[in-house]
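Residue-level structural notes
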There are 6 protein chains.
Amino acid sequence: MFYHIKELQYQAKPSKPDPVFARQLQEVLGGQYGEISVMMQYLMQGMNTRCEDKYRDLLFDTGTEEMAHVEMLATMIARLLDDAPFEDQKNAYETDPALNAILGGTNPQHGIVAGLGAMAADAAGYPWNAKYIISSGNLLADFRANLNAESQGRLQVTRLYGMTDDPGVRDMLSFLIARDTMHQNQWVAAIKELEEREGDIVVPTTFPRSLEKNEVAYTLFNFSRGDASSKGRWAHGPSMDGRGQFNYVAEPEPFGPAPKLKPAPFLYHDTMPPKSMM
Amino acid sequence: MFYHIKELQYQAKPSKPDPVFARQLQEVLGGQYGEISVMMQYLMQGMNTRCEDKYRDLLFDTGTEEMAHVEMLATMIARLLDDAPFEDQKNAYETDPALNAILGGTNPQHGIVAGLGAMAADAAGYPWNAKYIISSGNLLADFRANLNAESQGRLQVTRLYGMTDDPGVRDMLSFLIARDTMHQNQWVAAIKELEEREGDIVVPTTFPRSLEKNEVAYTLFNFSRGDASSKGRWAHGPSMDGRGQFNYVAEPEPFGPAPKLKPAPFLYHDTMPPKSMM
Amino acid sequence: MFYHIKELQYQAKPSKPDPVFARQLQEVLGGQYGEISVMMQYLMQGMNTRCEDKYRDLLFDTGTEEMAHVEMLATMIARLLDDAPFEDQKNAYETDPALNAILGGTNPQHGIVAGLGAMAADAAGYPWNAKYIISSGNLLADFRANLNAESQGRLQVTRLYGMTDDPGVRDMLSFLIARDTMHQNQWVAAIKELEEREGDIVVPTTFPRSLEKNEVAYTLFNFSRGDASSKGRWAHGPSMDGRGQFNYVAEPEPFGPAPKLKPAPFLYHDTMPPKSMM
Amino acid sequence: MFYHIKELQYQAKPSKPDPVFARQLQEVLGGQYGEISVMMQYLMQGMNTRCEDKYRDLLFDTGTEEMAHVEMLATMIARLLDDAPFEDQKNAYETDPALNAILGGTNPQHGIVAGLGAMAADAAGYPWNAKYIISSGNLLADFRANLNAESQGRLQVTRLYGMTDDPGVRDMLSFLIARDTMHQNQWVAAIKELEEREGDIVVPTTFPRSLEKNEVAYTLFNFSRGDASSKGRWAHGPSMDGRGQFNYVAEPEPFGPAPKLKPAPFLYHDTMPPKSMM
Amino acid sequence: MFYHIKELQYQAKPSKPDPVFARQLQEVLGGQYGEISVMMQYLMQGMNTRCEDKYRDLLFDTGTEEMAHVEMLATMIARLLDDAPFEDQKNAYETDPALNAILGGTNPQHGIVAGLGAMAADAAGYPWNAKYIISSGNLLADFRANLNAESQGRLQVTRLYGMTDDPGVRDMLSFLIARDTMHQNQWVAAIKELEEREGDIVVPTTFPRSLEKNEVAYTLFNFSRGDASSKGRWAHGPSMDGRGQFNYVAEPEPFGPAPKLKPAPFLYHDTMPPKSMM
Amino acid sequence: MFYHIKELQYQAKPSKPDPVFARQLQEVLGGQYGEISVMMQYLMQGMNTRCEDKYRDLLFDTGTEEMAHVEMLATMIARLLDDAPFEDQKNAYETDPALNAILGGTNPQHGIVAGLGAMAADAAGYPWNAKYIISSGNLLADFRANLNAESQGRLQVTRLYGMTDDPGVRDMLSFLIARDTMHQNQWVAAIKELEEREGDIVVPTTFPRSLEKNEVAYTLFNFSRGDASSKGRWAHGPSMDGRGQFNYVAEPEPFGPAPKLKPAPFLYHDTMPPKSMM
């Protein structure tokens, strides 16, 4: 169960409105790696986990914090939209070049649909959807998803930091960037803990290794002409899981034959090969 | 530029048709973490990278191999659909319980739309879309996305391995599982190499740490009542990036005030507060 | 900012697992009118409103409660999936008709993707997306959206109530149904309050009536042959907003001419009419 | 069965082309609450209703009219795109600021994909999809969906009215606004009629009230700190359905325990708690 | 402008309910190549065409007829859902194998969401969306899209014909199949007429041939090892447009160099190559 | 199985960066009829075909070539994004009108998400999805889909050719346009070959003509008032398949009765007609 308090986790006040940046900032609210994604991903993982409380609690702690970040970003976007000049664009075309850029760079849905409010969408106006998230039941896999999300997320926020010079916006972004620093550190710590506990780094660690084709489990196949990739750590030396030796195959050959499919039954009206070839 | 040869990287032949499993197997062909996802993700990253050849080559090697996996899975699915009994279901209702389960568990689009062929969709019939992938230009971030994809992918394939007892299917899956073992190892190696080269683990490593709010960069806020999460490595000791100390705040307080938004201009016909409150 | 406590708002425990019902119950978690929709809709409206605290607070109260409903449903679905028989289906085909129905009626992604956890998706496996929600800045419009959502939502939950006889599931559903009763009542009350305050029922109430084509503002045009619709309240008597008289036009005629579009510039390579017709 | 006549229900002729406004106008053609939505929603409800002819006829009357609105908007958009300057943008960058705003504010797909025609998409280029509509079989629920759609729709059209000063465009919009006035009135009338006939306002009215948890059916839980929401009509006095008394709970407590999920079977390779904790 | 009459273009009455087939039949109502697709495609093309009346009229004739097909299919689906046994499934598991198949093969949303009505979705429950259609302004291109749609559509309907033995359903399908026969014939005729009028078969016919790289305009590159494709008409002889000679290149070589991208500016925090390599 | 070489099929180098055109060019990379669509469509058709090698090989030849086109376009887009001015927009508003147009016309996700790389999305930022493609098992149907795709594709590329004057971009586009010329020719040839082999032009050719309602198989119904469409080849003379005579019905009448649906069972809580009417 959840409670809300009216105060924001951190202030969300721009120095002045900027509807172009409002549109851009939508990316980290409702985009593929925005705050709605991490909020929903952590909460779903927390609700679904069949594991012990330590991890469940961590997921709820972090997911609940991300809700506060959603709130901060939505507030910031609404304020960046204050006084957005959607209404008088026609006259402005000829007289105000600065206004032109604003009109061109905004998402008109901020006016038409949302009445100067934030939307659960990204910088191109594409709505958030639940295929952005994963809750697999395997925490080592999911913590890697979380580390990935925090890495892409922090990257995007730092890019946005460089695309504005508004001190109020930058102040809030510097808070979010720091929290992403913590969250990357935290998932790295949790991943390391789980890898040690499970004694392997290959997810899932519980599938018997004897059931996979071991002869290709540590091979880099060179499917792209040129051998630049053979220079990396991944092509020689012991494998990272300590169970094999990386090796490099310069000219990979197929293991299987060319496939030939059976004709379909008549019902499907598929094209049939000529009788002579069947 | 690409070339195709007719032979499969590995054989893709079930011992007998099984249209129910054909539907399930679609998940790792056209699902969120299926082979189309990794193929498209690695190729896009390879095409977009502005970095040196070693990484570009590795991305193309692996992306090109994933295309061969797409081909193997599509071939396997088509064969699992051989002799699918879509056509005579009506009579079967009463007489053949085994057939009932088959009918219920199949995706009828395999018959109606695809004529007993594979689709670029998942086990629920949802089509593949490009929001499953990321190519950010930052390779440390993207390699984490890749490690995540291979972790979720191998997890799903091992689950499917447990959901069939067909020796032919299991044979092919054991090949794919081994390749995912390699790919997890490979991305771990590449991640480690980049972390060392860049001297940090927090993506992006190039954003000046002085610009983030350092006082919250290593704090676990306890937003979920109960202190189970304080027991983890992430709540105490040096941070994983070696630049701070984890700390735990049991009762987090807001840093910001409650927000109050300005009324919108008349154009938007938003609900206005009573005059007395403006 | 938000806090979470570990206890559920109401218990979520089925009497026994039922993976078929787990799939069906997904509709009211992650479907068009599921709990994620109302949670996100109320919170976004609350964050965006530029109106007085009374409404903002109501939106946060209710949105925060819906998060607790998301949690209850996710928990219930995970428990309904306990012991789901995905793994041994092959042998079951011939011997266990009850199992057949279970296999046919489940969503295999519950096993393959979510590891027996809930998903942010509906009963057909379609992921939740943000186009399910609206936050327009006009509260009278949005409260009607909310009343609609609670009406469709309660309807779906009562249907699900009739599709199970599990006492534990029904117990939880009876709680959700009661809360939807409250929420319908609450939005009706809020709608009535706003209609009275604004002195009109036509959204937006602030657009000058003199600017619309008043001569067609209260007319029912009979575009579907037969006059059954002329028997309703909407075809005669004073209009509901008290500003006009409903009237019925049995044989509507067009007010405008047939359109004729200009040819496109050459650049677009559109098909051009023959020169003689231009 | 349907017939088409060439004339438009109302004229659709701008005073001059305006490709920026063409993009914005797409919102009420192919957006969440555009004319395609109401056309499809009313027609599907009409086709599906198992109720008497009066309502079926009303739905077809209105749905068929909305098709005429789709036609008017598509015609208007095509004309707004006449002479759109996609072709010579490069030279214009430096010399024509007014053109700059036009280029920035247009959707290039109007040129590349549609050859200066309308698209079934919204102002951000997002395609119309059928999750925008509902046809539930319960007319009271669906008429509320219709009232909501007409409220959001009229709101958006009035906003667009304020975003242009083209007399031809405004003339057509004033027709659409008036029709939305009628449609809001009409659904209010139909809702009232059904509420009276069914003797309740809580959808569905047929679910036995004795089966819901009556003790929470009229309670406002204060999940958001602060008591502003207690000041509303929804927190005290008789409920709107006349069957209970609203009441306000200032400090809501959970009714349920903290959930604890069972470990998953081995097949799923979920993370398991340490043996000591199982 | 449109009118509706109550009668169906053709009767839509199954001999008995069949909710499994109801789900399958959704494919040709709301799927990629269902009746909603052709209705919307033809109407949008008709509204957008800047060409002469002959084609505009043909598009409206056919688009308006497709609306009648939508109506027939929706009616048929609702009737196939009559008496669907969603409500008592639990007891049925053990006792009624025929019922099992029904339960497994249905879409539960037909009950939960649509109350036994049709949905604007396909056989997997995926909603119709406007990316299924095209209206490009070039009629030769669009008529090819139409011929494709009628080809895929008729193929799917004939498959469904083979998947049922209900005489009432087959009767209606045989009507739809015949109409698709007409529509394929009609678009072939219209395509031929336009090709002759424009004097070319390569869309768009108006792009100056001198501006394309003529040396590769009639070449089949053998990118897939093996020369089976060289046996076709497309590899030798005069090209179909009569302007060139097909030729076959057995071992295609790249015309371009390997690409090397410039490093990105610092703002983007992309991974940079080591200084020594820049 | 596939191999990659580093060289591009054709050079992809603009004369100078142009981030506005980069956004527009996305349409033919990741749009409905972009190169990803044809690549995936041909490869899926090739993998699924149960027909003889000649066609399978042709599909793989062409699909594999389209991958090279994806690579060329992604490379071109990345180079057009070099030096994109996302970072300093704020100051530019007032001083640089040319920059204004650039800012307004770009997709900010090229900076925020992709770090100046190409995306698998279209010109509006909408992600590629697999509903753009079809692989039906019937090659005559699918080759028509392919001809349609190449027609729409070439049309879009020629429009883009007219929207830029960069010699480097035009050089690459002229290569792609020529390849589309070949591909249109090739599919026309393959269609003709299959039509002759199967002895009919109506897909599927194998459905017995005696089972369709022959009396409506060659009729143009005039559902749109006015007889312009009766002037076309499609309304008189022998049908294109040589099996009937086109005919024109000026005033089509319904063949079926008005539908009346049965009330739904109580479970669904659908609105019921008054008892007197049931």
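Residues numbered from 1 in each chain as written. Chains lettered and ligands numbered in written order. Predicted model: local features only at pLDDT ≥ 70, side-chain atom pairs only at ≥ 80, totals over all residues.

**Quick notes on the interface of chain B and chain A**
Cut-off, in case you're wondering: Here, residues touch in the contact sense if the C-beta positions derived from the backbone fall within 7 Å of one another. Counting from the N terminus, the helices are DSSP H or I runs at least four residues long and the strands are E runs at least two residues long. Under the scheme applied here, ten amino acids are nonpolar (Ala, Val, Leu, Ile, Met, Phe, Trp, Tyr, Cys and Pro), four are charged (Asp, Glu, Lys and Arg), and all others, including Gly, are polar.
Each partner contributes residues to the interface: chain B has 95 residues there, and chain A has 95 residues. Examining the composition of the side of chain B that touches chain A, we find that 14 residues originate from one element, helix α8 (residues 167-198) of chain B, more than from any other. The residue inventory of the side of chain B that touches chain A, partitioned by class, reads 46 nonpolar, 27 polar and 22 charged.

**Digging into the nonpolar core**
Rules: Nonpolar core, as used here: buried Ala, Val, Leu, Ile, Met, Phe, Trp, Tyr and Cys residues forming one set through C-beta atoms within 7 Å. Here the C-beta atoms are placed from the backbone, and a residue counts as buried if at least 20 other C-beta atoms lie within 10 Å of its own, exposed if 12 or fewer do, and partly exposed otherwise.
In this structure, Ile77 of chain A, Ile77 of chain B, Ile77 of chain C, Ile77 of chain D, Ile77 of chain E together with Ile77 of chain F are the most contacted members of the largest nonpolar core, which totals 600 residues. Residues in contact with Ile77 of chain F, not counting those within four places in the same chain, are Ala22, Leu25, Gln26, Leu29 and Ala118 of chain F.

**Details of the UniProt feature "binding site: Mn(2+) 2" (unreviewed entry) in chain A**
Residues and elements named next belong to chain A. Filter applied, for reference: UniProt positions are given in the numbering used here, feature names are shortened, and annotations may be inferred rather than shown by experiment.
This chain's UniProt record puts "binding site: Mn(2+) 2" (unreviewed entry) on Glu66. Mapped onto the elements of the fold, Glu66 is located in helix α3 (residues 53-81). Accessibility expressed as a C-beta count within 10 Å gives 25 for Glu66, which makes it buried. Leave out the neighbours within four places in its chain, and Glu66 touches Glu35, Val38, Met39 and Tyr42.

**Overview of the packing of helix α3 (residues 53-80) of chain B against helix α2 (residues 35-48) of chain F**
This is how the line gets drawn: Each axis is a line fitted through C-alpha atoms, and for a helix only the stretch in contact is used; angles between axes span 0 to 180 degrees, taken between their N-to-C directions. In this scheme, roughly parallel covers angles under 35 degrees and roughly antiparallel covers those over 145, while 65 to 115 is roughly perpendicular and the rest are oblique. By definition, turning the near helix anticlockwise from the far helix through less than a right angle yields a left-handed crossing, and turning it clockwise yields a right-handed one.
Direction vectors running N to C along α3 of chain B and α2 of chain F enclose 45°, while the axes themselves pass 9 Å from each other. In terms of orientation, α3 of chain B and α2 of chain F fall into the oblique class. Viewed along their axes, α3 of chain B and α2 of chain F form a crossing whose handedness is right-handed. For the pair α3 of chain B and α2 of chain F, contact is made by Glu71, Ala74, Thr75 and Ala78 of chain B and by Met44, Met47 and Asn48 of chain F, respectively. Across the contact of α3 of chain B with α2 of chain F, the residue classes break down as four nonpolar, two polar and one charged.

**Section: the confidence of the model for chain A**
Quick note on the threshold: Note on scores: pLDDT gives the predictor's confidence for each residue, bounded by 0 and 100.
In the predicted model, chain A carries a mean pLDDT of 94, and 94% of its residues have values of at least 70. Note on the complex model: pTM 0.97, ipTM 0.95.

**With respect to the interface of chain F and chain B**
Between chain F and chain B, the contact holds 39 residues from the first and 39 residues from the second. Going through the elements one at a time, β1 (2-4), α2 and α3 (53-81) of chain F are the ones with two or more residues in the side of chain F that touches chain B. Among the elements that make up the side of chain F that touches chain B, the one with the highest residue count is α3 of chain F (eight residues). In terms of residue class, the side of chain F that touches chain B is made up of 23 nonpolar, 13 polar and three charged.

**Observations regarding unusual backbone geometry**
Here the amide bond leading from Val203 of chain B into Pro204 of chain B is cis, since omega sits at -15°, within 30 degrees of zero. Mapped onto the secondary structure, Pro204 of chain B falls in the loop between α8 and β2 (219-221). A positive phi angle, close to 55°, is found at His269 of chain C, a residue other than glycine. Its location among the elements puts His269 of chain C in the segment after β3 (247-249).

**Considerations on the relation of the copies chain F and chain B**
A rotation about an axis combined with a shift along that same axis relates the two copies of the chain. What counts here: Alignment of copies: least-squares fit on C-alpha atoms of residues with pLDDT of at least 70 in both copies.
Least-squares fitting of chain F to chain B yields an RMSD of 0.0 Å, with the transformation described by 0.0 Å of translation along the axis and a rotation of 180°. Both chain copies can therefore be described as sitting about a two-fold axis. Every residue of chain F has its C-alpha some distance from the rotation axis, and the shortest such distance is that of Asn129 of chain F, at 2.0 Å.

**A closer look at the relation of the copies chain B and chain A**
It takes a turn of 180° to lay chain B on chain A, together with a shift of 0.0 Å along the axis; the resulting RMSD is 0.0 Å. The residues that chain B uses at the interface reappear at the interface of chain A in 100% of cases, marking a shared surface.

**Notes on the environment of Leu73 of chain D**
Residues and elements named next belong to chain D. Here Leu73 is to be found in helix α3 (residues 53-81). For Leu73, a count of 24 C-beta atoms within 10 Å gives the class buried. For the pair formed by Leu73 and Met47, sequence separation is 26 residues and the distance between their alpha carbons is 25 Å. Each residue touching Leu73, except ones within four places of it in the same chain, is listed here: Leu25, Val28, Leu29, Glu35 and Ala118.

**Here's the deal with the domain arrangement of chain A**
For clarity, the threshold we go by: An automatic or database domain assignment provides the domain bounds reported here.
For chain A, the assigned domains are domain 1 (19-198) and domain 2 (219-278). The distance between the C-alpha centroids of domain 1 of chain A and domain 2 of chain A comes to 39 Å.

**Observations concerning helix α1 (residues 19-30) of chain E**
Rules: Expected helix span is taken as 1.5 Å per residue step, with the number of steps being one fewer than the number of residues.
Taking 1.5 Å of rise per residue, twelve residues should cover 16 Å, and α1 of chain E covers 16 Å from first to last C-alpha, within 8% of that figure. Among the residues making up α1 of chain E, those that are buried are Pro19, Val20, Phe21, Ala22, Arg23, Gln24, Leu25, Gln26, Glu27, Val28, Leu29 and Gly30 of chain E.

**Let's talk about the environment of Met76 of chain A**
Residues and elements named next belong to chain A. With respect to the helices and strands, Met76 occurs in helix α3. Considered as a pair, Met76 and Gln26 are 50 residues apart in the sequence and their alpha carbons are 10 Å apart. In contact with Met76, not counting residues within four places along its chain, are Ala12, Pro14, Leu25, Val169 and Met172.

**Overview of helix α7 (residues 139-162) of chain B**
Look at α7 of chain B: 34 Å from first C-alpha to last across 24 residues, which is about the 34 Å you get at 1.5 Å a residue. Burial of α7 of chain B is extensive: 23 of the 24 residues sit out of reach of the surface.

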